[in-house]
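Chain by chain, the residues:
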2 protein chains.
Amino acid sequence: MNKKVTLKQIARELDVSISTVSKALKNSKEISEDTREKVQAFAKLYNYKPNNIALSLKNRKTKTIGVIIPEIVHHFFSKVIRGIELYANNKGYNVIVGLSNESFDKEVINMDMLANGSIDGFILSISKETLLQQDYHHFNETINQGMPIVMFDRVVKEINCDKVVVDDFKGAKIAVEKLIENKCKNIALITTKDYVNVGRYRTQGYISALEEYNIMPQPNLILKVDDESLTEYNLVSLENEIKDLFMGNPEIDGVFAVNEIYAITAMKIARKLGKEIPDDIQVIGFTDGVLSKHAIPGLTTVSQHGQRIGEKAAELLIERIENEYFTDNFQTVVVETELIERESTK
Amino acid sequence: MNKKVTLKQIARELDVSISTVSKALKNSKEISEDTREKVQAFAKLYNYKPNNIALSLKNRKTKTIGVIIPEIVHHFFSKVIRGIELYANNKGYNVIVGLSNESFDKEVINMDMLANGSIDGFILSISKETLLQQDYHHFNETINQGMPIVMFDRVVKEINCDKVVVDDFKGAKIAVEKLIENKCKNIALITTKDYVNVGRYRTQGYISALEEYNIMPQPNLILKVDDESLTEYNLVSLENEIKDLFMGNPEIDGVFAVNEIYAITAMKIARKLGKEIPDDIQVIGFTDGVLSKHAIPGLTTVSQHGQRIGEKAAELLIERIENEYFTDNFQTVVVETELIERESTK
DNA sequence: TTTTAACACGAAAACGTTTTCGAAACATTT
DNA sequence: AAATGTTTCGAAAACGTTTTCGTGTTAAAA
């Protein structure tokens, strides 16, 4: 077993000092060409690579960034991670991933684990529980210790940091306008409870589009899904809520849903009730994941460009890290959405 | 800005030595109760947390594990990561993620970045390109340097390490047997080219099931998809290949596909050709992702239990790390598959 | 020949910990 | 009073780097 070789070992073997070896490997002019070649040859032979941990300690920089997301088995978040990885790697940074699993406690624990020297900065999206409790002390504390944070998607204005967000309002509005232009007269909204900002903004976009066209929003056409009882493996409660929506309002001829699952499920229920898509009901979702693309019929949807969000977040963070002015002029970058039209609309 | 406080600062402030502070914080009996309390109070006040990098350097243990996968925007891989994270976090380990993007070079670069002290061990799944080139020197070198590796899913027998695999053969066989028992007489197979082992084993399972029932495998019913031209955004070549399969062999009444996309696409094409599912054609896929669950009709599929694979891999790795006998008696753990029946079979 | 400059290298500090060992201060036993 | 034991603490080494500064040697200039 060839244990990793260190400067000290090379130095001893070649009968020079550690400093000489270090300098020789960096091609310092201080060292004679003779010794330089000797050292470099030896180092290459034994495949010397400087120890990252020692470098981190010396430089007080780890060249790694911490990412904390609520969930990884999720098309949007994994795309964001891909974007972060891509950009970070190009800049020579590594990425540590932590999952909060939508729990406040796990979010705090994860941040604690990483905030003690392991990383140079955070990229994160807030867990639902934290959003509910509105307890942001852990974010403020880390920022206060001089560690930069970039938030994405689920952000909160109380926190002073760079942010990368989707224009949920506009994305939703454009989608609903599309439905209106496609002659939908009674457009239902399937959304989440209000505490997740993202859902709230999308709801506002829906309302705004209707008002733009002088259509009175109908409360009975708005379904706020109770996702407490909703698990990855149990969709029946969702199905029942949507079924009730359709049965109670047979006039519905358009649906805007704030995520893929709701949209797909709406299509499924509609067809069970004998409605044709897009002839009887047109549907638009949010998030361009695998479901939208492979649904039958293909789901028209609002794409958030997750990867671009990740790249941008990484860019902002690394910029802060390398230019140590993390005190003010924080920016909020808005990544535009895009309506991807498929067969669920006319 | 409250920069992080160190032992040295506490020591200076309290006019004791660094050693005393360190011991006091660890409740060492060496230190008088007086000073212990004083130090602890001060440390708490300033929210002292030991610097992880310094600890890593001292202990020559980083308490983090590196994961390298070909792709993260992928249901199976993200489930595996979730499993790894879950187990690792419980044991106090962090997880660094690297993406090879199916490229040999990126795989090597990623491993190099991490192998120099940043992590204590690797969990990885080999990229397609590496599988093609059959160049495994980077794995052997890291193992040789005393860094343990656990491989999962896409493994290769030439490498001496712990492995966690799915019983692809058995999973496929059971699926095809199910089709046979459901009275399918002409079962097609949609698979990948042979160099990805996983695809090969599934193909063998298909053949074996047929032979078990004395059915002669028909070469024209086996479609090896050319995924060169296949991208995330371009499925037409796949669709055409499958269409040709169905048109050329109208007797097909069952399909076993080695992944979700192939299966879903097969259902889609079949229906376009006027076939009813499951009445005219029954379909079974591999991998229990969102697509299978939300497809209409729901896709019967072979679940691989990605999360369990991740947990098991993390368990094996941490076991090796903490018991430093990474020299022999490597095990290969097989995680059983499970046939999840939905509406695409009778 | 003496002074100065250039060259080649090493010692040591620093990053933040933990831990071993030695030693002062005090208390207890003979 | 002397010997021994206990308590409480600090110095220093170690982990693996980089970098500053000092110094001895040699070559060039006066």
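Remember, predicted model here, so these are calculated numbers, not experimental data.

What counts and what doesn't
Residues numbered from 1 in each chain as written. Chains lettered and ligands numbered in written order. Predicted model: local features only at pLDDT ≥ 70, side-chain atom pairs only at ≥ 80, totals over all residues. Heavy atoms only, no water. Least-squares fit on C-alpha atoms with pLDDT ≥ 70 in both. Contact = heavy atoms within 4.5 Å. Pairing = 2+ DSSP bridges. Helix = DSSP H or I, 4+ residues; strand = E, 2+ residues; numbered from the N terminus. Axes fitted to C-alpha atoms, helices over the stretch in contact; angles between N-to-C directions. Buried area = accessible area lost by both parts, 1.4 Å probe. Salt bridge = Lys/Arg side-chain N within 4 Å of Asp/Glu carboxyl O. 1 Å grid on protein atoms, 1.4 Å probe; cavity = no way out; pocket = protein on both sides within 12 Å on 5 of 7 lines; lining within 4 Å. Points joined across faces, edges and corners; volume = space filled by probe spheres on them. Nonpolar A, V, L, I, M, F, W, Y, C, P; charged D, E, K, R; others polar. Core = buried A, V, L, I, M, F, W, Y, C linked by side-chain atoms within 4.5 Å. Buried < 20%, exposed > 50% of the residue type's maximum accessible area, 1.4 Å probe, protein only. Near = heavy atom within 4 Å. Polar contact = N/O pair within 3.5 Å; in protein donor to acceptor, adjacent residues only side chain to side chain. Arc of directions from axis to C-beta. Expected span 1.5 Å × (residues − 1).

(A) Broad picture of the relation of the copies chain B and chain A. For these two chains of identical sequence, chain B goes onto chain A by a turn of 180° and a shift of 0.0 Å along the axis, with RMSD 0.0 Å. Both copies are brought into coincidence by an operation consistent with a two-fold rotation axis. When C-alpha distances to the rotation axis are compared across chain B, the minimum falls at Ile 96 of chain B, with a value of 2.1 Å. Taken together, the interface assignments show that 100% of the residues at the interface of chain B recur at the interface of chain A, consistent with an identical surface on both copies.

(B) The sheet that holds strand β7 (residues 222-225) of chain A, seen in detail. All names here are of chain A. Spatial ordering of the open sheet is given by β7-β6-β8-β9-β10-β12, a layout of six strands whose pairing is mixed. This sheet does not close on itself; its edge strands, each paired only once, are β7 and β12 (338-340). Neighbour-to-neighbour, the strand axes of the sheet open up by a mean angle of 20°, direction not taken into account. Against the sheet, helix α9 (residues 168-181) makes contact with β6 (187-192), β8 (254-257), β9 (282-286), β10 (300-303) and β12, and its axis sits at roughly 170° relative to β9, the strand it touches most. Against the sheet, helix α11 (residues 236-248) touches β6, β7 and β8, its axis set at about 170° to β7.

(C) Up close: the interface of chain B and chain A. The partner chain A presents 56 residues to the 56 residues of chain B that form the contact. Across the interface of chain B and chain A, roughly 5500 Å² is buried in total on both sides, 55% from carbon and sulfur atoms. One can count three salt bridges joining chain B with chain A. Residue Asp 112 of chain B pairs with Lys 49 of chain A through a salt bridge whose shortest N-O separation is 4.0 Å. Going through the elements one at a time, α4 (52-59), α5 (75-90), β2 (94-99), α6 (104-115), α12 (260-272) and α13 (290-294) of chain B are the ones with two or more residues in the side of chain B that touches chain A.

(D) Region of the structure containing empty space enclosed by the protein. Under the defined criterion, the tally for this structure stands at five cavities of 30 Å³ or more. Its boundaries defined by the atoms lining it, the largest cavity holds a volume of some 130 Å³. Along the wall of the largest cavity there are 13 residues; nearest its centre are His 294, Ala 295 and Ile 296 of chain A together with His 294 and Ala 295 of chain B. At the level of elements, α12 (260-272) and α13 (290-294) of chain A together with α12 and α13 of chain B are the ones that each hand at least two residues to the lining of the largest cavity. Considering only residue class, the lining of the largest cavity consists of ten nonpolar, two polar and one charged.

(E) Region of the structure containing the nonpolar core. Within the largest apolar cluster, 142 residues are counted, with the highest numbers of intra-cluster contacts made by Ile 123, Ile 190 and Phe 256 of chain A together with Ile 123, Ile 190 and Phe 256 of chain B. Setting aside chain neighbours within four positions, we find Ile 123 of chain B in contact with Ile 65, Gly 66, Val 67, Ile 68, Ile 84, Val 150, Phe 152, Ala 313, Ala 314 and Leu 317 of chain B.

(F) Structural view of the protein's contact with DNA strand D. If you check the shell around DNA strand D, you find 28 residues, and the closest are Lys 58 of chain A together with Thr 20, Lys 23, Glu 30 and Thr 35 of chain B. Within 4 Å of the protein, the contacting atoms of DNA strand D are drawn from sugar and phosphate to the extent of 54%. Contact distances for DNA strand D include 2.2 Å between a phosphate oxygen and a side-chain N or O atom of Thr 20 of chain B. With respect to DNA strand D, the side chain of Thr 35 of chain B contributes an N or O atom lying 2.7 Å from a phosphate oxygen. Taken together, the elements giving at least two residues each to the surface near DNA strand D come down to α1 (7-14), α2 (18-25) and α4 (52-59) of chain A together with α2 (18-25) and α4 of chain B. Looking at the surface near DNA strand D element by element, the count peaks at four residues for α2 of chain A. Along the lines of polarity and charge, the residues of the surface near DNA strand D split into nine nonpolar, nine polar and ten charged.

(G) Representation of the protein's contact with DNA strand C. Surveying the vicinity of DNA strand C reveals 28 residues, the closest of which are Thr 20, Lys 23, Glu 30 and Thr 35 of chain A together with Lys 58 of chain B. Each atom of DNA strand C within 4 Å of the protein was assigned to sugar, phosphate or base; sugar and phosphate come to 57%. One of the backbone nitrogen or oxygen atoms of Lys 58 of chain A is found 3.4 Å away from a base oxygen of DNA strand C. Sorting the residues of the surface near DNA strand C by element identifies α2 and α4 of chain A together with α1 (7-14), α2 and α4 of chain B as the ones contributing at least two each. A total of four residues in the surface near DNA strand C trace back to one element, the largest contributor, which is α2 of chain B. A per-class count over the surface near DNA strand C returns nine nonpolar, nine polar and ten charged.

(H) Local environment of α2 of chain A. Residue and element names in this part refer to chain A. Among all positions in α2, only Thr 20, Val 21 and Ala 24 are buried. Across the axial projection of α2, the buried residues extend over an arc of 100°, all falling on one side. In the core, the buried residues of α2 are packed alongside α1 and α3 (33-45). Downstream of α2 by one or two residues, Asn 27 has phi in the positive range, about 60°.

(I) Region of the structure containing α3 of chain A. Residues and elements named next belong to chain A. Given a rise of 1.5 Å per residue, 13 residues ought to cover 18 Å, and the 18 Å separating the end C-alpha atoms of α3 matches this to within 8%. Of the positions making up α3, those classed as buried are Thr 35, Arg 36, Val 39, Phe 42 and Ala 43. Down the axis of α3, the buried side of the element spans an arc of 140°, and every buried residue falls inside it. Projecting away from the buried face of α3 at angles above 90 degrees are the exposed residues Glu 33, Asp 34, Glu 37, Lys 44 and Leu 45. Looking at the packing, one finds that the buried side of α3 touches α1 and α2. Looking one or two residues past α3, Asn 47 carries a phi angle of roughly 55°, positive in sign.

Keep in mind these numbers describe shape, not what the thing actually does.
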